[in-house]
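# Descriptive structure summary
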Amino acid sequence: MKREKRSLEQIPALLSSKVSLFIYLFLFFYLVVFAVLTMWIPLLKNLQPSARVQLILGNYTNVLSTLGASLAAGSGTLIHHSLSTLHKKT
């Protein structure tokens, strides 16, 4: 039981790690920002992400919601750790 609880407590830290945030930001820029730029700039039309690539890497909503969840998990973990430390001191 304690092992499961410890492993579940690690999930927010993993979601808010620098590697996870880099992956989500990369996917956001590639799938959203770069895709919009390729629609507006004709020279980039050949570099536009195909429908298959967009399907494999995830859709726009999932990327944005995952990024938001990661940031929220990270801030929640930080606040919880700060409160726990303060509680132990008092």
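Rules of the game
Residues numbered from 1 in each chain as written. Predicted model: local features only at pLDDT ≥ 70, side-chain atom pairs only at ≥ 80, totals over all residues. Heavy atoms only, no water. Helix = DSSP H or I, 4+ residues; strand = E, 2+ residues; numbered from the N terminus. Buried < 20%, exposed > 50% of the residue type's maximum accessible area, 1.4 Å probe, protein only. Contact = heavy atoms within 4.5 Å. Areas by Shrake-Rupley, 256 points an atom, 1.4 Å probe, with all protein chains shown as cover. pLDDT = per-residue confidence, 0-100. 1 Å grid on protein atoms, 1.4 Å probe; cavity = no way out; pocket = protein on both sides within 12 Å on 5 of 7 lines; lining within 4 Å. Points joined across faces, edges and corners; volume = space filled by probe spheres on them. Nonpolar A, V, L, I, M, F, W, Y, C, P; charged D, E, K, R; others polar. Phe/Tyr/Trp six-rings, centres within 6.5 Å; stacked < 30°, edge-to-face > 60°. Expected span 1.5 Å × (residues − 1). Bend = angle between axes of the 7 residues up to and from the residue.

Turning our eyes to something else, we now look at the overall build of the protein chain. When helices and strands are counted, the protein chain shows 4 helices and 0 strands. When the elements of the protein chain are put in sequence order from the N terminus, they spell out α-α-α-α. Sorting the 90 residues of the protein chain into buried and exposed places 14% on the buried side. In the protein chain, the proportion of contacts linking residues at least 24 apart, taken out of those at least 6 apart, comes to 57%. Here the protein chain displays about 7,400 Å² of accessible surface, and carbon together with sulfur accounts for 70% of that area.

The next thing to look at is the confidence of the model for the protein chain. With 89% of its residues at a pLDDT of 70 or more, the protein chain shows a mean pLDDT of 76. Taken element by element, the predicted model of the protein chain shows its lowest mean pLDDT in helix α4 (residues 60–89) (72) and its highest in helix α2 (residues 18–40) (81).

The calculated volume of the largest pocket comes to roughly 240 Å³. Every residue lining the largest pocket is listed: E9, Q10, P12, A13, T77, H80, H81, S84, T85 and K88. Among the elements of the structure, α1 (2–15) and α4 are those that each provide at least two residues to the lining of the largest pocket. Looking at the lining of the largest pocket residue by residue, the classes come out as 2 nonpolar, 6 polar and 2 charged.

Time to look at the packing of aromatic side chains. Scanning all chains against the criterion turns up 2 aromatic pairs. Seen from their ring centres, F26 and Y30 are 6.1 Å apart, and the 5 degrees between their planes marks the pair as stacked. Remark: Y30 and F26 occur in helix α2; sequence separation between them is 4 residues, near one turn of the helix. With centroids separated by 5.9 Å and ring planes inclined at 15 degrees, the aromatic side chains of Y30 and F34 adopt a geometry described as stacked. Taken as a pair, Y30 and F34 lie in helix α2 at a separation of 4 residues, close to a single helical turn.

A separate point is α2. Between its terminal C-alpha atoms α2 stretches 31 Å, which fits the 33 Å expected from 23 residues at 1.5 Å a residue. The largest bend along α2 measures about 30 degrees and falls at F34. Three or more residues of α2 are buried, namely S20, Y24, L27, L31, A35 and T38.

Below, the discussion takes up the environment of L47. Examined against the element boundaries, L47 turns out to sit in the loop between α2 and α3 (51–57). Beyond its immediate chain neighbours, meaning those up to four positions away, L47 contacts Y30, F34 and T38.

By secondary structure assignment, the location of T38 is in helix α2. A relative accessible area of 0% places T38 in the buried class. Ignoring anything within four residues of it in the chain, the contact list for T38 reads L44, K45, L47, Q48 and P49.

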